[in-house]
Each structure stands twice: as structure tokens, then as C-alpha cells.
Amino acid sequence: MFIHLRARSSYSLLQSMLDVKALGKLAVKHGQPALALTDSNNLFGALEFSETLAEKGVQPIVGCALDVRGPDGAAGIMALLAQNETGYANLMRLSSSAFLDTSATEDAHVTLAQLLAQSEGLIALTGGALGPVSAQLAAHKPAQAKALLELLARTFEQRLYVELQRHGDPGEAETEGALVDLAYALGLPLVATNDIRFEKRSDHAAHDALSCIAGSTYLGETDRPRISAEHAFKSETEMRALFDDLPEAID
């Protein structure tokens, strides 16, 4: 069974239209045995999420989508999932560091060194087109991308997955081929995810307005950040069709 590993809740402030209870209902509706919550840099919803899903007979997977910055300019989002109690403790430390160990003028983030030092018990997803490995590929630095992926693979031994997403973003198409090649070359598994932010594609217009509130922009502006309608809660059938050329990423 396919399991969604990248759901955001309303605790990802102004980024998702779904509260924790809505995510629980969607997991049941789609017959999912488990669901992962990966809010942006925080674990605010972890307890509510765990209790809500457990009550519905769905296994909660607690995670976090962390902004990670390396010393050589490698920066991006990585999803981290708590594998056990040690991993959850490290996830709490990293999430706290993202806010407490940065200056007031910086966005919340952790350094690559912090992530590597507190990796025990965590399963790591490379972040798709928005991850630090893809950032190196987009900057035409394939050697640096490979070196970073090798470093992550050594640190998260048997716990690192090369993440692929297909929301229709040009950056995804530009880096996917190189990500797949690197995964095969280094013997790393692929995982397909969908960055869930609303229930149905028809909710996209409302989410677009929410994004404008978050960015203090207007719907009519052409140069503002946008996401596609593909960030809806897809069924397993839809995800398998989307990745029919890479079934191992779904499995």
C-alpha cells in the first residue's frame, strides 16, 4: 500500500488548508494504514496528530520538514521522520534549534552540521526539487550534489531515501533525472511523495488566496510564489498512475 509521507497541517502557518482532524478523516477515507505529518520546521501538531490518528486506527508517523543550510551554499528542505524514541527526541532538538539558534533576522533553519550530529533514529527524505541535493543540481554542481548525497547516505545508513515529487513544477522535471541517476549509482532507494496542502484540486483557488495572505501579495500579481493544484490529497491509484514509470518509488 502507498502511504503519504509529506502532509502539512494548518500548523504549517498559512501553508496548508487542512487541520489535523481533517488529515485523519482523509487517511481513513483513502484506506491508508498510516500517514506522516511533516509540518514546516515545527512539531506543533505532533501530539494532536498522534492522538487523532490512533483513535481512527491509522498509524501516525511524526516528522518535520526542516530547512537545512550547508557551509557551501547547499540549502533546501529535507523531511525527517521519527523512527523511534531517540529519533523523536532528536527531531524535537532540531526543530527547537531551527528557531532558537538563528538570529532574529534569519528564517528558521538548521545547519547541515546540526542535522548530521543529531541524525540517530531519524529516517531522511532528500526533499525532492526543494532539497539541498537538488539545489546543487540546479546550480549545475553535479559533483557537489553527489558528495552531499554520499555524506547523507553515510550518516543516515539504510535510512536515506531519494525523494521525488511531481506537482508540475519546472524544477522537479529539471532535476528528477539526475536524482534518479544518483540514486541508482549509489544504491539508494527512491520514494515518491506528494506535498499535501489541501483536500481536492478544486480547493486550489482558496489555497492560492491563503498564499497571498502569507506573502502579503495579491492574486493578480504575476511574479508572486505559486503552487499547483497537484498538492491535493491524492489516492493511491492517482499516485501509482503519476509514477507508473517508477513503481519502486511508490512501493
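Look up a bit, the structure's there.
Calculation criteria
- Residues numbered from 1 in each chain as written.
- Predicted model: local features only at pLDDT ≥ 70, side-chain atom pairs only at ≥ 80, totals over all residues.
- Heavy atoms only, no water.
- Core = buried A, V, L, I, M, F, W, Y, C linked by side-chain atoms within 4.5 Å.
- Buried < 20%, exposed > 50% of the residue type's maximum accessible area, 1.4 Å probe, protein only.
- Contact = heavy atoms within 4.5 Å.
- Salt bridge = Lys/Arg side-chain N within 4 Å of Asp/Glu carboxyl O.

Draft legend 1. Focus on the nonpolar core. Formed by 42 residues in total, the largest nonpolar core has its most connected members in Leu-66, Leu-80, Leu-115, Val-133, Leu-152, Phe-156 and Leu-190. Among all residues touching Leu-80, those that are not within four sequence positions of it are Val-62, Gly-63, Cys-64, Leu-66, Leu-91, Leu-94, Leu-115, Ile-123, Ala-124 and Phe-156.

Draft legend 2. A look at the pattern of salt bridges. Throughout the structure, instances matching the rule amount to 13 salt bridges. Between Arg-197 and Asp-195 there is a salt bridge, with its nearest N and O atoms 3.2 Å apart. In this structure, Arg-197 and Asp-195 share a single accessibility class: buried. For the salt bridge of Glu-230 with Lys-234, the shortest nitrogen-to-oxygen distance reads 3.3 Å. The partly exposed category is assigned to Glu-230, whose relative accessible area is 24%. Taken together, the shared-partner salt bridges connect Arg-201, Glu-230, Lys-234 and Glu-238 into one network.

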